[in-house]
2 protein chains.
Amino acid sequence: MNAVYGLRALMYIAAQRDQEGYVSIRKISEDLDISFHFLTKILQTLTQHHILHSQRGPAGGVALAKAPEQVTLLEMLYILEGEGYFSECFLGLPGCGEQQPCPVHDFWRHITLTMKEKFSHTTLAELSDKVRSGEVRLVSCT
Amino acid sequence: MNAVYGLRALMYIAAQRDQEGYVSIRKISEDLDISFHFLTKILQTLTQHHILHSQRGPAGGVALAKAPEQVTLLEMLYILEGEGYFSECFLGLPGCGEQQPCPVHDFWRHITLTMKEKFSHTTLAELSDKVRSGEVRLVSCT
DNA sequence: ACTTATTCAGACAATTTTGTCTTAAATTTA
DNA sequence: TAAATTTAAGACAAAATTGTCTGAATAAGT
Ligand code: SF4
Ligand code: SF4
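On a predicted model such as this, the values are computed, not experimentally measured, just so you know. (Residues numbered from 1 in each chain as written. Chains lettered and ligands numbered in written order. Predicted model: local features only at pLDDT ≥ 70, side-chain atom pairs only at ≥ 80, totals over all residues. Heavy atoms only, no water.)

> Would you explain the protein's contact with DNA strand C in this entry?
DNA strand C sits among 25 residues. The nearest are Ser35(A), Phe38(A), Pro58(A), Ile25(B) and Ser54(B). Backbone sugar and phosphate groups make up 61% of those atoms of DNA strand C lying within 4 Å of the protein. Here Met1(A) contributes a backbone N or O atom positioned 3.5 Å from a phosphate oxygen of DNA strand C. Arg56(A) is positioned such that a nitrogen or oxygen atom in its side chain is 3.3 Å from a sugar or linking oxygen of DNA strand C. Of all the elements in the fold, those that place two or more residues in the surface near DNA strand C are helix 3 (36-48) of chain A together with helix 3 (36-48) and strand 1 (52-55) of chain B. For the surface near DNA strand C, the leading source of residues is helix 3 of chain B, giving 6 residues. Among the residues forming the surface near DNA strand C, the class breakdown is 7 nonpolar, 14 polar and 4 charged. (Near = heavy atom within 4 Å. Polar contact = N/O pair within 3.5 Å; in protein donor to acceptor, adjacent residues only side chain to side chain. Helix = DSSP H or I, 4+ residues; strand = E, 2+ residues; numbered from the N terminus. Nonpolar A, V, L, I, M, F, W, Y, C, P; charged D, E, K, R; others polar.)

> I keep staring at helix 6 (residues 124-132) of chain A and nothing clicks. Help me out?
It helps to recall that an α-helix has 3.6 residues per turn; residues three or four apart then point in one direction. Residues and elements named next belong to chain A. Within the sequence span of helix 6, burial applies to Leu-124, Ala-125, Leu-127, Ser-128 and Val-131. End-on view of helix 6: buried residues confined to an arc of 165°, all on one side of the axis. Where helix 6 is buried, its residues contact helix 1 (2-15), strand 2 (61-64) and helix 4 (73-81). (Buried < 20%, exposed > 50% of the residue type's maximum accessible area, 1.4 Å probe, protein only. Arc of directions from axis to C-beta. Contact = heavy atoms within 4.5 Å.)

> What is the right way to look at the protein's contact with DNA strand D in this model?
What surrounds DNA strand D is a group of 22 residues, the closest being Ile25(A), Ser54(A), Ser35(B), Phe38(B) and Lys41(B). Among atoms of DNA strand D positioned within 4 Å of the protein, sugar and phosphate together represent 61%. Between Gln48(A) and DNA strand D, the recorded distance is 3.2 Å, taken from a side-chain N or O atom to a phosphate oxygen. Between DNA strand D and Lys41(B) there is a distance of 2.9 Å, counted from a base oxygen to a side-chain nitrogen or oxygen. Listing elements by their share of the surface near DNA strand D, those giving two or more residues are helix 3 and strand 1 (52-55) of chain A together with helix 3 of chain B. Per element, the largest residue contribution to the surface near DNA strand D is 4 residues, and it comes from helix 3 of chain A. Counted by class, the surface near DNA strand D contains 7 nonpolar, 11 polar and 4 charged residues.

Structure (structure tokens):
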């Protein structure tokens, strides 16, 4: 769920990027209905990877460390789910590659390349704009 | 790993479809280096869903229950991983849909539809033919 | 009938993922 | 400096996934 929770939080944070100051993790966890401590841990990794900046103490919290236009979906997923996110192959045979491919190699490589392409051209800004315009939602329907 | 092991076994079995009789699960597990009991359980579900036919006793084993040309990758994945394989949405918010989509809905739906399309047009026959021609391999490189 | 080979079924165990809790460190305000 | 607020870090727990084992059922050969 790292990706799900992390992305939702990032979109939530990015959606309020015109507001000054930090957004507290407690507030995010309540609004998005995610366990506070678990979310904290996830956001920590985003902080460590310089997607977010954090500030302790009263009025502290987290804020975007870079412009959301420069944060791609691919980048976020790599951080949240590991670098192997798209390189994982379908059959997962060790030590394989172009030389001696498995039956689904070509098929699968085509799909992953397409996806990777799409994911690297979608930015946090685009996603959060939809939230701001009220076009979409981040929380569960009641 | 159900999908990985199941597909590998199916391709292995389909690759020898001109040979008479059953292929024993023991043999498959040894050749593909998969735990015998675990593989047995996976192949059982394929048998229950009439992809395979099984035969107990000496010279028993499993065999394809239908022509591999009529078994699609999509069908195999549905059985091995559950019907929700492609319907699972990216953010997994409960009770969502077209009316109130999340930020990645359109993006994600496009990807899953494309994949589903591709997966439903690839058959076991095509995949196993590559194995037979020696073009690809099913086991790990040494 | 007996033995052997095989799948079937389900209990059990190990591992990974997911989530919770406690304590520490930092920062602000008074 | 003291108190309040908030993230950081990591131990711990629960749940899901992955894998193992044992015994039963079935079929074939002798
Ligand atoms: S051959 Fe390609 S798809 Fe197949 S296991 Fe290797 S990397 Fe993955
Ligand atoms: S809106 Fe679409 S992509 Fe988003 S959670 Fe719902 S079904 Fe999934």
